[in-house]
Number of protein chains: 4
Amino acid sequence: MPNSFGKLFRITTWGESHGPAVGVVIDGCPPRLPLTLAEIQSDLDRRRPGQSDITTPRKEDDKVEILSGVFEGMTTGVPISLAVRSGDQRPGAYDEMREKFRPSHADYTYQAKYGHRDHRGGGRSSARETIGRVAAGAIARKILHLAGNIEVRAYVTQIHDLIAPPVSHFPSLAEVEATAVRCPDLNSAALMIERIKQARSTGDSVGGIIECRIRNVPVGLGEPVFDRLEADLAKAMLSLPATKGFEIGSGFAGALLKGSQHNDAFLREASRIRTATNNSGGVQGGISNGEEIVFRVAFKPTATILQPQKTVDVSGTETELLARGRHDPCVVPRAVVIVEAMAALVLVDHWMRHHAQNQAFKF
Amino acid sequence: MPNSFGKLFRITTWGESHGPAVGVVIDGCPPRLPLTLAEIQSDLDRRRPGQSDITTPRKEDDKVEILSGVFEGMTTGVPISLAVRSGDQRPGAYDEMREKFRPSHADYTYQAKYGHRDHRGGGRSSARETIGRVAAGAIARKILHLAGNIEVRAYVTQIHDLIAPPVSHFPSLAEVEATAVRCPDLNSAALMIERIKQARSTGDSVGGIIECRIRNVPVGLGEPVFDRLEADLAKAMLSLPATKGFEIGSGFAGALLKGSQHNDAFLREASRIRTATNNSGGVQGGISNGEEIVFRVAFKPTATILQPQKTVDVSGTETELLARGRHDPCVVPRAVVIVEAMAALVLVDHWMRHHAQNQAFKF
Amino acid sequence: MPNSFGKLFRITTWGESHGPAVGVVIDGCPPRLPLTLAEIQSDLDRRRPGQSDITTPRKEDDKVEILSGVFEGMTTGVPISLAVRSGDQRPGAYDEMREKFRPSHADYTYQAKYGHRDHRGGGRSSARETIGRVAAGAIARKILHLAGNIEVRAYVTQIHDLIAPPVSHFPSLAEVEATAVRCPDLNSAALMIERIKQARSTGDSVGGIIECRIRNVPVGLGEPVFDRLEADLAKAMLSLPATKGFEIGSGFAGALLKGSQHNDAFLREASRIRTATNNSGGVQGGISNGEEIVFRVAFKPTATILQPQKTVDVSGTETELLARGRHDPCVVPRAVVIVEAMAALVLVDHWMRHHAQNQAFKF
Amino acid sequence: MPNSFGKLFRITTWGESHGPAVGVVIDGCPPRLPLTLAEIQSDLDRRRPGQSDITTPRKEDDKVEILSGVFEGMTTGVPISLAVRSGDQRPGAYDEMREKFRPSHADYTYQAKYGHRDHRGGGRSSARETIGRVAAGAIARKILHLAGNIEVRAYVTQIHDLIAPPVSHFPSLAEVEATAVRCPDLNSAALMIERIKQARSTGDSVGGIIECRIRNVPVGLGEPVFDRLEADLAKAMLSLPATKGFEIGSGFAGALLKGSQHNDAFLREASRIRTATNNSGGVQGGISNGEEIVFRVAFKPTATILQPQKTVDVSGTETELLARGRHDPCVVPRAVVIVEAMAALVLVDHWMRHHAQNQAFKF
């Protein structure tokens, strides 16, 4: 179960960084969805290493293969199995990781929990696991698009202490993809790219914040009490490597407002009920209210840095570690598509759940 | 499913604010746990309305009854059913809610989703639902205490824009309970209480932030990939009414640090592996590392305010609402025990899951 | 989890035979279903003890109370909590059960598994647990009726070695309820009643077989691979106390046929595709094909007999047990409504699951 | 979900008969289990086509590959992904299946449910799906062996109307594998093989019954109320293609006994509590009692026969079908290892569940 996500549109990811392959099985995908390999590959290309000069220079093609569930260009309703074979590996680069626990990585906790681990490149704890999420997310986004033109768009709003001005509109994909850092504000983007390069040049790393918006969401998705839409989004985001926080709508800053300021007054707009403000972030009582869903995710600086660090080895002896290898000085730009994938998975799942309970029967 | 939480220690809550009763069924509780009614009631008393002069003056005794699962003072391993009968109700106070959607409440989204709702006092979306969580949480905390002296302690760190100084130690329950606002810093507490009274006097409301710490957590709880400990904690917290954000360890502020500052160096302390700092918040790779788990939850200001508000009615016509009734001008102090309950539920569930996979078989 | 059944229409039962109450929480019930207390009570009355002269003379009214989820005569989509308070108890009658394990009951296995049990009347292993199933089943049957006039009808076809002639039509409820033994063949029914009385007069017990048919099932319910309709029906039936076998369509006798005899030829009937025979029992590849679903369930003779039996006590010492109390010499007639309940629960759940995957999206 | 089985030791199978590959992901496998490819392949070889002169002559090597979860000869606790590439395919042989529904196959119901299907060789409904089950089952059996020398042994007891004498002992694997039909009684086996050949020579098919025994099962596995051990075994068996019935212990014949004959008297044997007879089939109240678990599964005759059959085509027009291709005249001998696999999966899962609730905490 720990490697599955979703109740009705359910994905199960598998694979280690330096194993033969990584992949995902999607169970519950609706049948008759037109689907091409290119649609999945396109999102994977936004995730893959080596895509720009601010990511790791590792060359990984990450070419996906469809092993089941799609026949003659359409899904059949049975499990979709997707796999990506591993490529450019330099296992020698990771030998030290067998013995020494990298600070703020999962080496120590995996060793303590399981007593045996594939140490190469972080093994299962590698962000390479997210390939399966992105591949499944591409399918979820296609479904949302066809179902109601629902769009999920994430972008970078902060790198280190560089904070972009608020984005006043729903940015286009082109705006987001215009720069390697995926911040739609071009001035901020330039500074952010510079900051990331700076961090790399000193063998250091930086973190940041991603904002995600979803529009055209119908009213009614999300389920009280425990499976609120924001609760499932929070879980989805905190399940991503390197994330430290999640907030929706007004978020932590909402605590600074009074109720009379924070409440979103209802109003009538044409035939729709809308709200004058959106401190709720598109969700009320755990259920979408038709406004844009807006949330933010905090990412810590990459744990791998090319500076000497104090640590202990598997025998518990204190030692020093000097990481080598090719790493991202900042994971945030590549994480944009992963955030979109997880958000899309949550929405498709809740769409199906909503319909099962509320639309399957007519009384 | 939406009304259940947990995989192995699984709770299902039921009941509406003004229905005959609210309750919870706990499935999977270990057998042979000594358990008294008083232990459950004690936590419910920390949650109940009317407990101090900064909460709602509604009088609700919230006396819990054990209907199954406990025999001769010990759990038997079968479902524990707990119920609290409803008391002091003034349904007349809620008549307007049948017709007019309260801003930033769940009235509209429930109506849109289900087409039929119990409007009285918010019905199922009322925070009265959390009675079941607190009752189950009391049992979870007893288990954690007996299992390894694991302690869960939440407290208020911010009310409106009043931010208490960082709490440098693990506060005792007495320190937290010393004031009605449950902030262990007495100076801050006094100001916070004043601020809440001020808000009430103007018919307004305020929000705040709760911090929660858990100590004596063994290494190894939490499961990659999706069911990371922090992911399940995030879901648990965002499933609470009025929450807008969750962060663990360094949280959103972690984005401001460089990797060389953020990484938690490992060191040896007696026979234990520890970390020099705790930006990770006690979790690495989704798995507890033995350090204190530290997270924070943001609460918005109470949506019910005693000021006129613009809204629409069930026919979609714009109108004005002036709430009456007895409400909390700030839910944060009463939410402390609910945060503790949810955190304890997550930990017991993960303890059981960890043992199932990693301890059940000896190879 | 072990006390829950169903994925989307999910019930959780709780309660012990001699505890304060037994009950059920139904999560996932569609909203806007008209529902009265009488509709639930009516099925409970078919299950309750003391209903005829071939059941136990225990007087249990089994009056159900609705604690949540129904408002102004309609379901609201939130959990429905139902409870039945315990009545006519003679705990003294069960004192011996604390010490001595009753043969072919669950006393020994519960004690070994949990180390602590409520021995009174079998505690959690009592068939009194099925009250919750029947109450939930009544709601499921109402849904099926409104959704598509789907009818579930069970009846007795065998008591001990008395085998009724095959039932060539779909019997009416009146035909089934015409006799206390619930066998629609009146001649057989008379003999069966006599046989049960005979068994009782010697302090012995008998078992039997129940057949269940479901008509007007739409094509398409059930899911490959593991959640085939017959697999979930089999689990539902084997989860009932005293059941030893399940077969669908041709069942065990199907092994005696050749493929050329067993295959159900497809034919066209008006606008429908039908089969000439129904050895499949209405399910092919795990999915309903629109024909009647027909299955049978084997029940062992009641374990409680009023004759001396060899057994061991809780200390492991061999001893003799002579049960007293008021018991059913045959559980089969009262189990008819329980079989119907479980079948209805499976169908509603699969209807919702089918809709979620196959109807929620239009491509 | 429908393609997953198990709660804690959870498998998800994927793949269609004529797709690029079939496979399974196992989530929840305990870490540190020594595991070789050969151990998995060995069970797959017992399942594969072409293994003897009474199975289909299709040549399928079914060579399994381990894609994740095993490192340096031991499991790591993360998902184990196993895949078998497809081999000897003659898709032309299946062209007719695109248009005509094969009687008593899943062609029609899949088409009706999903609206789009991979018709080649039955697609997802092909028994080729069971490759994943057998591969996972091999791992489950290894675990059971190491955990407590628990052995699962299935064998054929009936082919068509040929019924072997009762097997009075727990047969060895060698006894079962001694003949191609996997009936440990050699005389019966010879007749059965002859009967299968006869069926094939007339283009017909036969079914049969498999019995399965499990020994050295500890007391306490299985969970009331819904997840009784026999309920999960029943679901596991009815989830297999071509199965029509399941019975445990006395089974359907148990209905012919009186309680005084059927009850299993408890007795003391050395330090163990045992039963004098085993009509319970090793399970009481849903929980294993330490006796041998004994159950039987009925298989219908293979639906594919090489005789003309009446059917309808996808447009609903009546037509005739004459199947070609290479098929098993009887699936029962090859199903023996599949029954063992499913039984082992159920036991490992319940072992883990039992441990989680009853052993994880010491009070």
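The rules behind each value
- Residues numbered from 1 in each chain as written.
- Chains lettered and ligands numbered in written order.
- Predicted model: local features only at pLDDT ≥ 70, side-chain atom pairs only at ≥ 80, totals over all residues.
- Helix = DSSP H or I, 4+ residues; strand = E, 2+ residues; numbered from the N terminus.
- Rg over C-alpha atoms; globule rule 2.2 N^0.38 Å.
- Buried ≥ 20, exposed ≤ 12 C-beta atoms within 10 Å, placed from the backbone.
- Contact = placed C-beta atoms within 7 Å.
- Least-squares fit on C-alpha atoms with pLDDT ≥ 70 in both.
- Pairing = 2+ DSSP bridges.
- Axes fitted to C-alpha atoms, helices over the stretch in contact; angles between N-to-C directions.
- Nonpolar A, V, L, I, M, F, W, Y, C, P; charged D, E, K, R; others polar.
- Expected span 1.5 Å × (residues − 1).
- pLDDT = per-residue confidence, 0-100.
- Core = buried A, V, L, I, M, F, W, Y, C linked by C-beta atoms within 7 Å.
- Left-handed = near helix turned anticlockwise from the far one by under 90°.
- Parallel < 35°, antiparallel > 145°, perpendicular 65-115°, else oblique.

Peer 1: What exactly am I supposed to notice about the overall build of chain A here?
Peer 2: Within chain A, the secondary structure is distributed over 9 helices and 18 strands. Here chain A has a C-alpha radius of gyration of 21 Å; the compact-globule value for 363 residues is 21 Å, and the two agree. With 363 residues in all, chain A has 67% of them scored as buried. Summarising the internal contacts of chain A: among those between residues at least 6 apart in sequence, 70% fall at separations of at least 24.

Peer 1: What am I meant to see in the relation of the copies chain A and chain B here?
Peer 2: The two chain copies are connected by a rotation around an axis plus a translation along it. Once chain A is rotated about the relating axis by 180° and shifted along it by 0.0 Å, it coincides with chain B to within an RMSD of 0.0 Å. In symmetry terms, the pair is related by a two-fold rotation axis. Comparing interface residues between copies, 100% of those in chain A also lie at the interface in chain B; the contact surface is shared.

Peer 1: Just checking my understanding: could you explain the sheet that holds strand 9 (residues 162-163) of chain C for this structure?
Peer 2: Backbone-to-backbone hydrogen bonds join strands into a sheet, with any given pair of strands oriented parallel or antiparallel. Taken in spatial order, the 10 strands make up an open sheet running 9(C)-8(C)-10(C)-16(C)-11(C)-11(D)-16(D)-10(D)-8(D)-9(D), and their pairing is antiparallel. Here the strands that pair on one side only, and so sit at the sheet edges, are strand 9 of chain C together with strand 9 (162-163) of chain D. Where strand 11 (residues 243-248) of chain C lies against strand 16 (residues 293-299) of chain C, 5 bridges are found, and the strand directions are antiparallel. Looking at the pairing, Glu247(C) lines up with Arg296(C) of strand 16 of chain C.

Peer 1: Help me understand the sheet that holds strand 1 (residues 4-5) of chain B, please; the structure alone is not making it clear to me.
Peer 2: Residue and element names in this part refer to chain B. One open sheet accounts for 5 strands, arranged 1-2-3-7-4; its pairing is antiparallel. A strand with exactly one partner marks an edge of an open sheet, and here the two such strands are strand 1 and strand 4 (64-68). Bridge count between strand 2 (residues 10-15) and strand 3 (residues 21-27): 6 bridges; the pairing is antiparallel. Within strand 3, the position partnered with threonine 12 by the bridge is valine 25. Helix 1 (residues 37-47) contacts strand 4 and strand 7 (80-85) of the sheet and is inclined by roughly 135° relative to strand 4. Against the sheet, helix 4 (residues 130-148) touches strand 2, strand 3, strand 4 and strand 7, its axis set at about 35° to strand 3.

Peer 1: Is there a simple way to think about the environment of Pro165(B) in this case?
Peer 2: Residues and elements named next belong to chain B. Tracing the chain through its elements places proline 165 in the loop between strand 9 (162-163) and helix 5 (173-177). A tally of 9 C-beta atoms within 10 Å means that proline 165 is categorised as exposed. Spatially, the C-alpha atom of proline 165 lies 34 Å from that of aspartate 62, the residues being 103 residues apart in sequence.

Peer 1: I would appreciate a short explanation of the interface of chain D and chain B in the present structure.
Peer 2: Chain D puts 21 residues into the contact, and the matching count from chain B is 21 residues. At the level of secondary structure, the elements contributing two or more residues to the side of chain D that touches chain B comprise helix 4 (130-148) and helix 9 (332-358) of chain D. When residues in the side of chain D that touches chain B are grouped by element, the largest group, 7 residues, is from helix 9 of chain D. A class-by-class count of the residues in the side of chain D that touches chain B yields 14 nonpolar, 5 polar and 2 charged.

Peer 1: It is not clear to me how unusual backbone geometry should be interpreted in this structure. Could you clarify?
Peer 2: Leave glycine aside and you will find that most residues have negative phi; peptide bonds, for their part, are mostly trans. In this model, Pro224(A) is joined to Val225(A) through a cis peptide bond whose omega is 10°. Topologically, Val225(A) is positioned in the loop between strand 10 (208-215) and helix 7 (229-238). One non-glycine residue with positive phi stands out, namely Arg32(C), at about 70°. Summarising the element assignment, Arg32(C) is placed in the loop between strand 3 (21-27) and helix 1 (37-47). The partly exposed category is assigned to Arg32(C), around which 16 C-beta atoms lie within 10 Å. Positive phi, normally seen in glycine, also occurs at Ala242(C), with a value near 75°. Positionally, Ala242(C) belongs in the loop between helix 7 (229-238) and strand 11.

Peer 1: Help me out: how do you make sense of the pairing of strand 18 (residues 318-322) of chain D in this one?
Peer 2: Looking down a regular strand, the side chains alternate between one sheet face and the other. Residues and elements named next belong to chain D. Sheet analysis places strand 17 (residues 308-312) next to strand 18, joined by 5 bridges and oriented antiparallel. Paired with valine 312 across the bridge in strand 18 is glutamate 318. The antiparallel hairpin formed by strand 17 and strand 18 contains 5 residues in its connecting segment, where glycine 316 sits at a positive phi of about 90°.

Peer 1: Just checking my understanding: could you explain helix 4 (residues 130-148) of chain C for this structure?
Peer 2: Three- or four-residue spacings in an α-helix give side chains the same orientation, since the helix completes a turn every 3.6 residues. Residue and element names in this part refer to chain C. Across its 19 residues, helix 4 extends 26 Å between first and last C-alpha, which sits within 8% of the 27 Å expected from 1.5 Å per residue. Summarising burial for helix 4: 15 of the 19 residues are buried, a large majority. Directly after helix 4, the chain includes asparagine 149, whose backbone phi takes a positive value near 55°.

Peer 1: Please clarify how the confidence of the model for chain A should be interpreted in this entry.
Peer 2: Across chain A, the average pLDDT comes to 95, with 98% of residues at or above 70. Reported confidence for the predicted complex is 0.97 by ipTM and 0.98 by pTM.

Peer 1: In this structure, what is going on with the pairing of strand 12 (residues 266-269) of chain A? I would like to understand it.
Peer 2: All names here are of chain A. Judged from the 4 bridges that link them, strand 12 and strand 13 (residues 272-275) form a sheet pairing that is antiparallel. Bridge pairing in strand 13 links leucine 267 to arginine 274. In textbook terms, the turn of a hairpin is the stretch between consecutive antiparallel strands, and for strand 12 and strand 13 this stretch comprises 2 residues, one of which, alanine 270, has a positive phi near 50°.

Peer 1: For this particular structure, what's the right way to read the nonpolar core?
Peer 2: When a protein is soluble and globular, its nonpolar side chains tend to lie buried together. Judged by nonpolar contacts, the single largest core of 405 residues is most densely connected at Leu345(A), Ile210(B), Leu345(B), Leu345(C), Ile210(D) and Leu345(D). Setting aside anything within four residues of it in sequence, one finds Ile210(B) in contact with Ala154(B), Tyr155(B), Val156(B), Thr157(B), Arg296(B), Val297(B), Phe299(B), Val332(B), Ala335(B), Val336(B) and Val339(B).

Peer 1: How do you make sense of the environment of Arg98(A) when you look at a structure like this?
Peer 2: As for its position among the elements, Arg98(A) is in helix 2 (residues 95-99). Sequence separation of Arg98(A) and Gly121(A) is 23 residues, and the distance between their C-alpha atoms is 9.7 Å.

Peer 1: Can you help me understand the packing of helix 7 (residues 229-238) of chain D against helix 9 of chain D in this one?
Peer 2: A packed helix pair is summarised by two numbers, namely the angle formed by the two axes and the spacing between the axes. All names here are of chain D. As a packed pair, helix 7 and helix 9 sit with axes 9 Å apart at the nearest point and diverge in direction by 145°. Classified by chirality, the crossing of helix 9 by helix 7 is right-handed. Contacts from Leu229, Asp232, Leu233, Ala236 and Met237 of helix 7 reach helix 9 at Val339, Met342, Ala343, Leu345, Val346 and His350. Taken together, the residues that form the contact of helix 7 with helix 9 break down as 9 nonpolar, 1 polar and 1 charged.

Peer 1: Help me understand the packing of helix 9 (residues 332-358) of chain A against helix 9 (residues 332-358) of chain C in this model?
Peer 2: Between helix 9 of chain A and helix 9 of chain C, whose axes approach to 8 Å, the crossing angle comes to 135°. The angle between helix 9 of chain A and helix 9 of chain C falls in the class oblique. Viewed along their axes, helix 9 of chain A and helix 9 of chain C form a crossing whose handedness is right-handed. Between helix 9 of chain A, through Met352(A), Arg353(A), His355(A), Ala356(A) and Gln357(A), and helix 9 of chain C, the contact on the second element is made entirely by Met352(C), Arg353(C), His355(C), Ala356(C) and Gln357(C). Across the contact of helix 9 of chain A with helix 9 of chain C, the residue classes tally to 4 nonpolar, 4 polar and 2 charged.

Peer 1: In this structure, what is going on with the environment of Glu230(C)? I would like to understand it.
Peer 2: Among the secondary structure elements, Glu230(C) is positioned in helix 7. Note: C-alpha distance between Glu230(C) and Phe246(C) (16 residues apart in sequence) is 9.5 Å. Residues in contact with Glu230(C), not counting those within four places in the same chain, are Ile248(C), Val283(C), Gly286(C) and Leu238(D).

Peer 1: Even after reading the chapter, I still don't get helix 3 (residues 107-114) of chain C, so can you show me in this structure?
Peer 2: By the criterion of burial, helix 3 of chain C is predominantly enclosed, with 7 of the 8 residues buried. Residues Asp107(C), Tyr108(C), Thr109(C), Tyr110(C), Ala112(C), Lys113(C) and Tyr114(C) constitute the buried set of helix 3 of chain C. Of the surrounding secondary structure, the elements contacted by the buried residues of helix 3 of chain C are helix 2 (95-99) of chain C together with strand 12 (266-269), strand 13 (272-275), strand 14 (283-284), strand 15 (287-288) and helix 9 of chain D.

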